[in-house]
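Here's the letter readout for the chains.
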Amino acid sequence: MKKVITGITALLILAGCTKEKLSDRLLPEPDKNEHLITENSLKINKDKNTIRERFSPPEGYKWMNEKPGSFGDFIENFKLKPYGSQILKYDGTPIPTQHLHEAVFDLDTGNKDLQQCADAAIRMRAEYLYKAKKFNEIQFHFTSGHLLSWNDYKSGTRAFVGESSVSFRKTAAYDDSYQGFRNYLDLIFNYAGTISLHKETKPVTKNSDLKTGDILITPGSPGHIVFISGVCQNQKGKRLFLLSEGFTPAQSVHVLSNPFNSYFTPWYDLDIHAAEIKTARYIFKPTNFRSF
């Protein structure tokens, strides 16, 4: 679990996926044999290695095009591990539940229990900005409200978290390496989470505005996040969505299956006006979509 500290830092750790035992929003694990993909299910192109290539939309639907160089384009074309790859925890061991995902992102988890659910969305956003060389936009808030940017961190600024305060001082040499970037993200993962990410994103108020890269979020402790990782549409304008997540303990970022609709899995029918949305492992109630 993320570091637990007293005082002000107690607020900082009220940010991750599920810092407590199972809540009433965590779904019981479905029976493994009950939700297997049926013969009528959509074809999955198991030899393909990106979301956009691996997952075919349902009949009558077509992939929506993302603007080249956008965050959505980055996610849909992110490299996946070979089909059938297991979800691994930060220590390299597989999680018990291996039948609720259809793909695993080819992305390290780190070797500490840090990159949980909100952190998976933060990681994808940060990796996109880093690859696009939009370094000035790489900045995230701690749950306490304090902001730390990558530009400051690579210039040597470090966070000092006490029982009643958070301060920043320049104590390290300049380092703009990718390993330095990963060290920065680990610090963000430790002190950011669903509460801070909710505050620094904007609400999505229309179904037609939902796009790849948007998040579905319950801020709090416990809280949770999934992010949209693909969108398709039919001629009537009806859309379906792929959802991805990280989870606790820190584990591989993965594309969720849809155990509630074996024909359309892994696509989900989403509605921002729904009272609740069930995903494979979590119930979002109320529905709360937000965008970077």
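This text goes with the structure placed above it.
Described in the following lines is the structure provided in the data block.

Definitions and limits used
- Residues numbered from 1 in each chain as written.
- Predicted model: local features only at pLDDT ≥ 70, side-chain atom pairs only at ≥ 80, totals over all residues.
- Heavy atoms only, no water.
- Pairing = 2+ DSSP bridges.
- Helix = DSSP H or I, 4+ residues; strand = E, 2+ residues; numbered from the N terminus.
- Buried < 20%, exposed > 50% of the residue type's maximum accessible area, 1.4 Å probe, protein only.
- Polar contact = N/O pair within 3.5 Å; in protein donor to acceptor, adjacent residues only side chain to side chain.
- Core = buried A, V, L, I, M, F, W, Y, C linked by side-chain atoms within 4.5 Å.
- Contact = heavy atoms within 4.5 Å.

Looking at the pairing of strand β6 (residues 166-170)
- Pairing of strand β5 (residues 157-161) with β6, which is carried by five bridges, proceeds in the antiparallel orientation. When the bridges of β6 are listed, Ala-159 appears paired with Phe-168.
- The antiparallel pairing of β5 with β6 creates a hairpin that spans four residues between the two strands.

Brief notes about the side chain of Ser-244
- Within the secondary structure, Ser-244 is located in strand β10 (residues 239-245).
- Judged by its relative accessible area of 0%, Ser-244 is buried.
- A distance of 2.8 Å separates polar atoms of two side chains, one belonging to Ser-244 and the other to Ser-229.

Re the nonpolar core
- Membership of the largest hydrophobic core comes to 51 residues, with the highest contact counts inside it found for Ile-51, Phe-105, Met-124 and Tyr-184.
- Listing elements by their share of this core, those giving two or more residues are β1 (61-63), α3 (71-76), α4 (117-131), α5 (150-154), α6 (178-191), β8 (215-218), β9 (224-234) and β10.
- If one sorts the elements of this core by residue count, α4 sits on top with nine residues.
- Core analysis: the next-biggest nonpolar cluster, separate from the first, contains 20 residues, Leu-216, Phe-247, Phe-284 and Phe-289 among them.

So, the side chain of Glu-245
- Summarising the element assignment, Glu-245 is placed in strand β10.
- Taking relative accessible area as the criterion, Glu-245 reaches 0% and is therefore assigned buried.
- One polar contact links Glu-245 to Arg-281, side chain to side chain, over a distance of 3.1 Å.
- Ignoring any residue separated from it by four or fewer positions in sequence, one finds Glu-245 in contact with Ala-120, His-224, Ile-225, Val-226, Phe-227, Ser-252, Val-253, His-254, Leu-256 and Arg-281.

Topic: the environment of Leu-26
- Relative to the assigned elements, Leu-26 resides in the loop between α1 (8-12) and α2 (51-54).
- For the pair Leu-26 and His-224, spaced 198 residues apart in the sequence, the C-alpha separation amounts to 9.5 Å.

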